[in-house]
Amino acid sequence: MRKTLIGLIIISFTVLGVVKAEQQDKQKAILVTGATSGIGKNIALTLADKGYFVYAGARKQKDMDALNKIPNIQAVRLDVTVQEDIDKAVDFIAKQGRGLYGLINNAGVGVFAPLIEMSEDDIQFQMDVNVFGPYRVTKAFAPLIIESKGRISTISSISGANVSRFLGAYGMSKFAVEAFTDALYLEMEKFGVKVSVVEPGNYNSRIVDSALKRMKKKADKSLYEDDFNGLLQYLANDRPRNKEPDDVSAAVVDALFSSTPKARYMVVPVKSEGEWAIRGMIKRMAQMNHNHQFSFSRDELIKILDQELEKLSPVESKAK
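Please read all numbers here as calculations on a predicted model, not as lab measurements.

Draft legend 1. Focus on the overall build of the protein. Check the secondary structure of the protein and you find 13 helices and seven strands. Here the protein holds 320 residues, and 41% of them are scored as buried. Here the analysis covers contacts within the protein between residues at least 6 apart in sequence; of these, 68% occur between residues at least 24 apart.

Draft legend 2. Just the pairing of strand 5 (residues 151-155), in detail. For strand 5, a buried count of five out of five residues is recorded, marking the element as mostly surrounded by other parts of the structure. Burial along strand 5 is two-sided: the residues R151, S153 and I155 and I152 and T154 are all buried. In this structure, strand 4 (residues 102-105) lies alongside strand 5, joined through four bridges in parallel fashion. Bridge pairing in strand 5 places G102 opposite R151. By the bridge criterion, five bridges tie strand 5 to strand 6 (residues 194-200) in an arrangement that is parallel. Across the sheet, residue T154 finds its bridge partner in strand 6, namely V197. Handedness of the crossover joining strand 5 and strand 6 through helix 7 (residues 168-188): right-handed.

Draft legend 3. Just the layout of surface pockets, in detail. In this structure, the largest pocket encloses a volume near 1,900 Å³. Along the walls of the largest pocket sit 46 residues, with R264, M281, L305, E308 and L312 positioned nearest its centre. For the lining of the largest pocket, the secondary structure elements donating two or more residues are helix 7, strand 6, strand 7 (264-267), helix 11 (271-289), helix 12 (298-312) and helix 13 (314-319). Looking at which element gives the most residues to the lining of the largest pocket, the answer is helix 12, with nine residues. When the residues that make up the lining of the largest pocket are grouped by side-chain class, the tally is 24 nonpolar, nine polar and 13 charged.

Draft legend 4. Here's a closer look at the nonpolar core. V32, I43, L47, V54, I104 and V198 are the most contacted members of the largest nonpolar core, which has 28 residues in total. Of all elements in the fold, only strand 1 (29-32), helix 2 (38-49), strand 2 (53-58), helix 3 (61-67), strand 3 (73-77), helix 10 (246-257) and strand 7 reach the threshold of two or more residues within this core. Beyond its immediate sequence surroundings of up to four residues, V54 is in contact with I30, V32, A44, L47, A48, N72, I73 and Q74. Counting 27 residues, the second-largest nonpolar core is a separate cluster that includes A29, V76, L78 and F141.

Draft legend 5. Spatial organisation of a nonpolar patch on the surface. On the surface, M266, I278, M281, I282 and M285 cluster together into a nonpolar patch covering about 430 Å² of accessible area. Mapped onto the elements, M285 comes out in helix 11. Taking the relative accessible area as the measure of exposure, M285 reaches 40% and is therefore partly exposed.

Draft legend 6. Representation of the packing of aromatic side chains. In total, this model carries seven aromatic pairs according to the counting rule given. A ring pair is formed by F53 and Y55, whose centres lie 5.1 Å apart and whose planes are at 70 degrees; its orientation type is edge-to-face. The same class applies to F53 as to Y55, namely buried. Ring geometry for Y101 against F257: centres 5.7 Å apart, planes inclined by 5 degrees, an arrangement best described as stacked. Placement of Y101 in the loop between helix 4 (83-96) and strand 4 and of F257 in helix 10 is noted, with a sequence separation of 156 residues between them. Residue Y101 is classed as buried on the basis of its relative accessible area of 12%. Relative accessible area serves as the criterion here: at 23%, F257 is assigned to the partly exposed category. Among the aromatic residues, ring-to-ring pairing joins Y52, Y101 and F257 into one connected group. Here K28 stacks its cationic end above the ring of Y101, 5.1 Å away from the centre of that ring. Over the ring of F53 we find R98; its NZ or CZ atom is 3.6 Å from the centre of that ring.

Draft legend 7. Focus on the packing of helix 5 (residues 120-130) against helix 7. Here helix 5 crosses helix 7 at 30 degrees, and the two axes come no closer than 9 Å. Relative to helix 7, the element helix 5 lies roughly parallel. The chirality of how helix 5 crosses helix 7 is right-handed. Counted together, I123, Q126, M127 and N130 of helix 5 and A169, Y170, M172, S173, K174 and V177 of helix 7 form the full contact between these two elements. Here the contact of helix 5 with helix 7 is composed, by residue class, of six nonpolar, three polar and one charged.

Parameters at a glance
- Residues numbered from 1 in each chain as written.
- Predicted model: local features only at pLDDT ≥ 70, side-chain atom pairs only at ≥ 80, totals over all residues.
- Heavy atoms only, no water.
- Helix = DSSP H or I, 4+ residues; strand = E, 2+ residues; numbered from the N terminus.
- Buried < 20%, exposed > 50% of the residue type's maximum accessible area, 1.4 Å probe, protein only.
- Contact = heavy atoms within 4.5 Å.
- Pairing = 2+ DSSP bridges.
- Right-handed = clockwise from strand over helix to strand, strands pointing away.
- 1 Å grid on protein atoms, 1.4 Å probe; cavity = no way out; pocket = protein on both sides within 12 Å on 5 of 7 lines; lining within 4 Å.
- Points joined across faces, edges and corners; volume = space filled by probe spheres on them.
- Nonpolar A, V, L, I, M, F, W, Y, C, P; charged D, E, K, R; others polar.
- Core = buried A, V, L, I, M, F, W, Y, C linked by side-chain atoms within 4.5 Å.
- Patch = residues over 30% accessible without salt bridge, like charges linked within 9 Å, V, L, I, M, F, W, Y side chains within 5 Å.
- Areas by Shrake-Rupley, 256 points an atom, 1.4 Å probe, with all protein chains shown as cover.
- Salt bridge = Lys/Arg side-chain N within 4 Å of Asp/Glu carboxyl O.
- Phe/Tyr/Trp six-rings, centres within 6.5 Å; stacked < 30°, edge-to-face > 60°.
- Lys NZ or Arg CZ within 6 Å of the ring centre and 35° of its normal.
- Axes fitted to C-alpha atoms, helices over the stretch in contact; angles between N-to-C directions.
- Parallel < 35°, antiparallel > 145°, perpendicular 65-115°, else oblique.
- Left-handed = near helix turned anticlockwise from the far one by under 90°.

Listed below in structure tokens is the structure:
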């Protein structure tokens with residue numbers, strides 16, 4: 001009887017060990033860049049809480065130490081403007097043996113100022129982080145993502161659909177991100193890799209905090225001093241009231257794990273922000289189509305719109 005009991009215990013522990021090993025093997029690994037605050041941190045925490053393993057990109061050791069205390073999170077030193085950091089991150093993640101199922105290009109900055117007053121260095125900085133950052137990281141990790149037939153999602157903004165005064169450089173970078181993800185979507189289909197872009201509205205984020213510091217130094221010398229200071233005051237007062245970016249994280253989860261992920265996820269806290277973004281796209285379409293040799297009529301435009309809507313929701317369109 002005693003031998004039988006011992007045998008059952010050994011078998012039980014063996015089975016548990018196998019189950020645990022299988023669970024570990026199935027635990028999908030996701031890399032999130034810029035994961036130390038704001039949207040990036042919210043995404044990392046959401047994924048980790050759901051049981052996925054998160055490689056959280058960070059630049060400072062104190063941030064890495066804090067992230068490493070969170071279950072299912074492993075901090076990785078990663079400045080998306082430094083190729084050496086990216087190469088070391090690829091080597092580190094590859095050696096962990098989990099593979100890499102998902103890449104979330106989140107790291108971003110905001111440089112806000114009138115375009116005619118911005119230095120070339122400021123615009124280079126804006127593009128280096130927001131555009132070349134996702135390009136560098138995606139290129140470096142593409143082999144791992146292709147191997148797992150995984151997902152790539154890049155955080156853009158509704159500023160990639162419409163523009164505002166003094167946010168021209170930021171808008172330029174996000175328009176570029178939109179083109180980057182559109183092309184990548186087409187190119188990665190061959191490998192079974194799904195690509196999406198997430199376009200948040202105004203959520204609570206640290207990106208404006210750092211931008212405000214840069215803006216305050218330049219506002220007094222601006223040709224647009226009064227308007228520029230008005231924007232400064234609006235951003236400083238409005239941002240703390242914004243919602244936490246839980247909706248953005250939910251969109252990322254869907255982009256990563258839905259069997260039918262969307263190419264685009266516009267995520268806004270209020271309808272007016274969504275309208276602002278959509279109107280910007282429609283305005284450009286109307287201007288592009290206006291009064292030239294091959295202009296489309298209103299009916300022709302509506303027909304094209306209906307065709308595109310049907311591609312997205314064929315069942316709903318046919319039911320109408």
